[in-house]
Structure formats: structure tokens, C-alpha cells
Amino acid sequence: MENSELKFLRDKCLLYIQFMIQKMSASPELVEGLWETYRSVENAYQDEKMKPLKVMSLDIDDQVINHMPLTMAIEFKNLMKEKFQINYNTVDKDRIKAIKKILKKEKISNHEEYELIMNRIDEIFSDTTKAKELKSLNELLVNYEKSK
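This section reports on the structure supplied with the text. All of these numbers come straight from a predicted model, not from anything done at the bench.

About the cut-offs
- Residues numbered from 1 in each chain as written.
- Predicted model: local features only at pLDDT ≥ 70, side-chain atom pairs only at ≥ 80, totals over all residues.
- Heavy atoms only, no water.
- Salt bridge = Lys/Arg side-chain N within 4 Å of Asp/Glu carboxyl O.
- Buried < 20%, exposed > 50% of the residue type's maximum accessible area, 1.4 Å probe, protein only.
- Phe/Tyr/Trp six-rings, centres within 6.5 Å; stacked < 30°, edge-to-face > 60°.
- Helix = DSSP H or I, 4+ residues; strand = E, 2+ residues; numbered from the N terminus.

Tallied over the full model, the rule gives 14 salt bridges. With its nearest N and O atoms 2.8 Å apart, the salt bridge here joins Asp11 to Arg10. We classify Arg10 as buried; its relative accessible area is 15%. Between Lys12 and Asp61 there is a salt bridge, with the nearest N and O atoms lying 2.7 Å from each other.

This part is about the packing of aromatic side chains. A complete count under the given rule lists five aromatic pairs for this structure. Consider the rings of Phe8 and Phe84, whose centres lie 5.4 Å apart with planes at 90°: the pair is edge-to-face. With Phe8 in helix α1 (residues 2–23) and Phe84 in helix α4 (residues 70–84), the pair connects residues that are 76 residues apart, well separated along the chain. By relative accessible area, Phe8 is classed as partly exposed at 29%. An angle of 90° between the planes, with centres 5.5 Å apart, marks the rings of Tyr16 and Phe76 as edge-to-face. Residue Tyr16 is found in helix α1, and its partner Phe76 is found in helix α4; the two are separated by 60 residues along the sequence. For the pair formed by Tyr16 and Phe76, the shared burial category is buried.

Given below as C-alpha cells:
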């Protein structure tokens, strides 16, 4: 199971990088950075380091769901569905469910949860209707930082 998850995470990260290289071809400095990230992903896979691949996977999901221009996001979502049968509506629901679970237990347990909370804060910080959630998330971060 772990080897298949490791391979999936690598493949997902590499697909994203290749997609971004294609989209950013007019910007050589960005492309060079993406190639460096590509090598880092391959190294993490070769060294069987799942943690950096999980973190990158979470960052990819955050980028696609919250930050990528709509047409580009739709194109990438379709690519993910074609290559991996991943539906981003489900990914977003799972992400929100995981955040609610962390809020319920009132504790960030690991770096992946930390990244998930940080991404959620970035997503909602300017939404005044989410002030209560933002306060709770920030309290989780403070407690997590204190525990380190």
C-alpha cells in the first residue's frame, strides 16, 4: 500500500509540474524552478520519503482549488480525472472534512495537518463571514507552534 501511495504521490506531483512547465513556457526562470522541483520530487521518491510528497500534494490541491485561474484549474482537474480518476469536488470535500476533524479534536498532530490549516487560513483570511473559523484555526496554529 505504501509503495503504491508513494508512486501515486510522485506521479501526481510530476504531472502537476509538467502541466505547469507547459503553461509557463514563456517564463524561463519559472520553468527552471519547476525543473528543480521535478528533481526534488524524483529524489524524494527514490529515497522513499513520503512526507515531502504528501505536503506537495496538499499544496497542489490548494493551488488548484483556491488559486489557479479557472480555465487552467478546469484543464488540470480534467487531466487528473483522466490520468488518476481523481474528482476535485471529492478532494475539496475531503479537505474540508479533514479540517473539521482537526478543529473538533482541537489539535494539529503533524506537519500535513499544519499545512492543511495554513492553506485554509490563506483561503479564508479576508472573508469576514469566516472570522470565527479563522480565530479557531489561528489558535490551533499557536498551540502547535508552542508544542514544537
